[in-house]
Amino acid sequence: MDNVTQIAGRATPDMRGLRARMNGELVVPGDESWDDARLAWNLATDQWPVAVAVVADATDVAEVVDFARDAGLRVAPQGTGHAAPALGPLTDTILLKTHRLRNVTVDPERRVARAEAGAIWIDVVAAAAEHGLAALAGSSPDVGVVGYTLGGGLSWLARKHGIGANQVVAIEVVTADGEAKRVDRENDPDLFWALRGGGGTFAVVTAIEFNLFPYEEVYAGILWFPVERAAEILRAWRTWTAMVPDEMTSVGRILQFPPLPFIPEPVRGKSFVVVEAIYAGDPADGELWLSPLRDLEPVMDTVTTMPIAELSRLHMDPEGPAPGVGDGTMLSAFDEDAIDALVETTVGAPLLSAEVRHLGGAVARPSVEHGALSHFEDEYLMFTVGIAPTPEAAEAVHGAVARVLTALEPWHARQTYSNFAESTRRGGSFHGEAAYHRLKRIKKAVDPHDVIRANHEL
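Conventions used here
Residues numbered from 1 in each chain as written. Predicted model: local features only at pLDDT ≥ 70, side-chain atom pairs only at ≥ 80, totals over all residues. Heavy atoms only, no water. Core = buried A, V, L, I, M, F, W, Y, C linked by side-chain atoms within 4.5 Å. Buried < 20%, exposed > 50% of the residue type's maximum accessible area, 1.4 Å probe, protein only. Helix = DSSP H or I, 4+ residues; strand = E, 2+ residues; numbered from the N terminus. Pairing = 2+ DSSP bridges. Contact = heavy atoms within 4.5 Å. Salt bridge = Lys/Arg side-chain N within 4 Å of Asp/Glu carboxyl O.

Undergrad: Whenever I open this one, the nonpolar core confuses me. Can you help?
TA: In this structure, Met15, Val64, Trp121, Val124, Ile171, Leu195 and Phe210 are the most contacted members of the largest nonpolar core, which totals 63 residues. Broken down by element, the residue count for this core peaks at 6 residues, all from helix H3 (residues 58-71). Tyr219, Leu223, Ala230 and Val343 belong to the second largest nonpolar core, which has 42 residues in total.

So this is what it looks like as structure tokens:
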């Protein structure tokens, strides 16, 4: 390797010393594995960091942070790269990949799981299910546990149990000064508060511990209707959400499947409006609550009592790296005009999915024990996405996503959800004013030189 590496016309420090000190790998431009190393899960994102550090342990993380700080570089931790589009340019940044840190342990007596920084949700779901337990897991089985949780974490059990970040009991980190430490309510409570919903800009997380809940099964599934009934079904679903108890979490969604061979035959090349419903209680009660929607005569009905682990694939998200363009926003309301705007801009557009999630319940209830993202006052959250295998497809989907967001602009809430925001947002978009200013103060205290960066800057 040359003493100085050139990337995009810039000179960067000699990294041979860092490479020699790491147990993992350091990949730089020109290395044979460079193009593979810099990939995100979202293959539509082209990441160009100064280098990629594939860490093997927390010691590697400290070495990378120390090197970056002393060299005037920054560090961007990345577990999977699902939300990589929001990260933006990686100028003067080392991409720190944690995907090799996959260990998960479960303490069934305490009902607590510990997941390393590279663990994905299916790792935790499977380990917890062996003990009759469940995590507040993401709707995609291969989303990273740490990134999801630092951003807040909205699970299929959220209306019953609240935001995932508020179930965290301890976090292991490497701070910007290279110190490895474990933070909780008694040890560095400010940093502990900030990491629970404030994002990953405060320190590099190497492991996280969080509460589990006693669920072996759940009453859940999907009601499928022809897409021509989209406005009718979404109106009925919206009315229904105003009545259901906290045990019921649901999604109203428009799905437009392309005619691709990996898509199951019953839905390949077809379009639907669906309601995904999850009832965290007695299945008999769930059946009663769901009856008004069943009375609308869906063409398919998969709602049944299922093992809790099967909930991971209810949303039908792709597993493994895929190219996509998407974005989302919190909605202050989802009335008839908003439904019309969503349907008119989605049906027939080059979009795979446009969904609205019902929040409220425990998601809306704040507590002094919560972290930086205590709760969401608004009850609906929208996200839309399309497949983008080529630059031409990406351009078309970008346009379609923008049209949906523009059409729904009258209903955009002041606060939105960082995990569903794949475009750059202004500071303060994800937290209330008091929480945002406290986060800024904590960032200045723990990382005065702004070494650690996350998908969304403060």
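Don't stop here, the text continues.
Undergrad: Explain the pairing of strand E8 (residues 112-116) here, please?
TA: Regular strands place their side chains on alternate faces of the sheet. Most of E8 is tucked away, with 4 of its 5 residues classed as buried. Summarising the sheet, strand E7 (residues 104-107) and E8 pair through 4 bridges and their orientation is antiparallel. When the bridges of E8 are listed, threonine 105 appears paired with arginine 114. Counted between consecutive antiparallel strands, the loop separating E7 from E8 contains 4 residues, among which arginine 111 sits at a positive phi close to 55 degrees. Pairing of E8 with strand E11 (residues 204-211) involves 5 bridges; the strand directions are antiparallel. If you follow alanine 115 over to E11, its bridge partner there is isoleucine 208.

Undergrad: Just to check I follow, could you spell out helix H4 (residues 121-129) for this structure?
TA: Helical periodicity: at 3.6 residues per turn, an α-helix aligns residues three or four positions apart in one direction. Within H4, the full set of buried residues consists of Trp121, Asp123, Val124, Val125, Ala127 and Ala128. The inward-facing, buried residues of H4 contact E7, E8, helix H5 (145-150) and E11.

Undergrad: Please explain the pattern of salt bridges as it appears in this structure.
TA: In a structure, side chains of opposite charge can pair up when their charged atoms sit close to one another. This structure, assessed with the given rule, holds 32 salt bridges. Of the charged contacts, one joins arginine 19 and aspartate 31 as a salt bridge, the two residues approaching to 2.7 Å between their closest N and O atoms. Here the residue arginine 19 occupies a position in helix H1 (residues 16-21), and aspartate 31 occupies one in the loop between strand E3 (25-27) and helix H2 (34-37), the gap between them amounting to 12 residues. Residues arginine 69 and aspartate 70 are paired through a salt bridge, measuring 3.6 Å at the closest nitrogen-oxygen approach. Note on aspartate 70: relative accessible area 64%, which makes it exposed. Residues joined by salt bridges that share partners form a network here, namely Arg74, Lys443, Asp447, Asp450, Arg453 and Glu457.

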